[in-house]
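Listed below are the residues making up each chain.
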Amino acid sequence: MDAVMEEKIKKELGTQKFSKFGAGGGGCISSGNSYITDHGKVYVKFNPKSEARRMFDGEFASLSAIYDTNTIKVPKPLLVLDNPNGGAVFVSEHLDMSGLSRFDGELGEKLARLHLHNEMVAKQQGTKETSGHITEMIPAYVNRFGFHATTCCGYTPQDNTWTDDWPTARLCRGAMLISVPFNTMEFRHPRLHTSLSCWLQLGGLYSQ
């Protein structure tokens, strides 16, 4: 990441300090580094591809949705910015991920709470409606399947169109995946290719 992009991030974060620390890292398609700012530590992920903005916007929306449930700790998303030299950057809260194996049990419990969050919201709303008054803000219950933003598997956009039932939702996502030739996927992994092919041939779209 060049000095121009760093200055742009500093301006958006409202910080004078922006010092890189740690060894950096990333995944299969993006790179990243952690920085110390006037307001604490942040993690900056960057990707030079033209699809990066859509991918990071989806990640921002997804993390925001999980963060707002207050069920499990995830990095708070802060910014998505276009890179003048191509691609985009995604800025989030920095989390120390070292030594977490001893919390495996707690992680499982919190993941379960995350998956039950929408059901709990429905129960809360029913209780408040029965009582005749609302004493606190309750998140809105979602009674359809989908998401308000496009998310990506690698660079491949997923069809998150709102649907009324789960089988239709899965069918939409499967159809999107089928329409993308395997050799155009950024993650060219032979085991994934074989497993996914078998799943589709066995009617996975309709049976799960």
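See the structure above.
Criteria and cut-off values
Residues numbered from 1 in each chain as written. Predicted model: local features only at pLDDT ≥ 70, side-chain atom pairs only at ≥ 80, totals over all residues. Heavy atoms only, no water. Helix = DSSP H or I, 4+ residues; strand = E, 2+ residues; numbered from the N terminus. Buried < 20%, exposed > 50% of the residue type's maximum accessible area, 1.4 Å probe, protein only. Arc of directions from axis to C-beta. Contact = heavy atoms within 4.5 Å. Phe/Tyr/Trp six-rings, centres within 6.5 Å; stacked < 30°, edge-to-face > 60°.

Student: What's the story with unusual backbone geometry in this structure? I'm lost.
Tutor: Glycine aside, residues mostly have negative phi, and peptide bonds are mostly found in the trans state. Phi angles above zero are rare outside glycine, and N70 is one such case at about 55°. Topologically, N70 is positioned in the loop between α2 (52-69) and β4 (77-82).

Student: Looking at this structure, how should I read helix α1 (residues 3-13)?
Tutor: Residue pairs spaced three or four apart in an α-helix point in one direction, given the helix's 3.6 residues per turn. What α1 keeps buried is the set M5, I9, K10 and L13. What you see down the axis of α1 is that its buried residues fit within an arc of 140°, all on one side. With respect to the buried face of α1, the exposed residues turned more than 90 degrees away are A3, V4 and K11. Elements that come into contact with the buried residues of α1 comprise β1 (18-26), β2 (31-37), β3 (40-47), β4 and β5 (88-93).

Student: Hey, could you run me through the packing of aromatic side chains in this one?
Tutor: We describe a pair of aromatic rings using the distance from one ring centre to the other and the angle between the two ring planes. In the structure shown here, the tally under the stated rule is four aromatic pairs. Ring geometry for F60 and F90: centres 6.3 Å apart, planes at 75°, overall edge-to-face. Taken as a pair, F60 in helix α2 and F90 in strand β5 lie far apart in primary sequence, 30 residues in all. Look at F60 and you get partly exposed, because its relative accessible area is 25%. Residue classification places F90 among the buried residues on the basis of a relative accessible area of 3%. Ring pairing ties together the aromatic residues F56, F60 and F90, which thus form one cluster.

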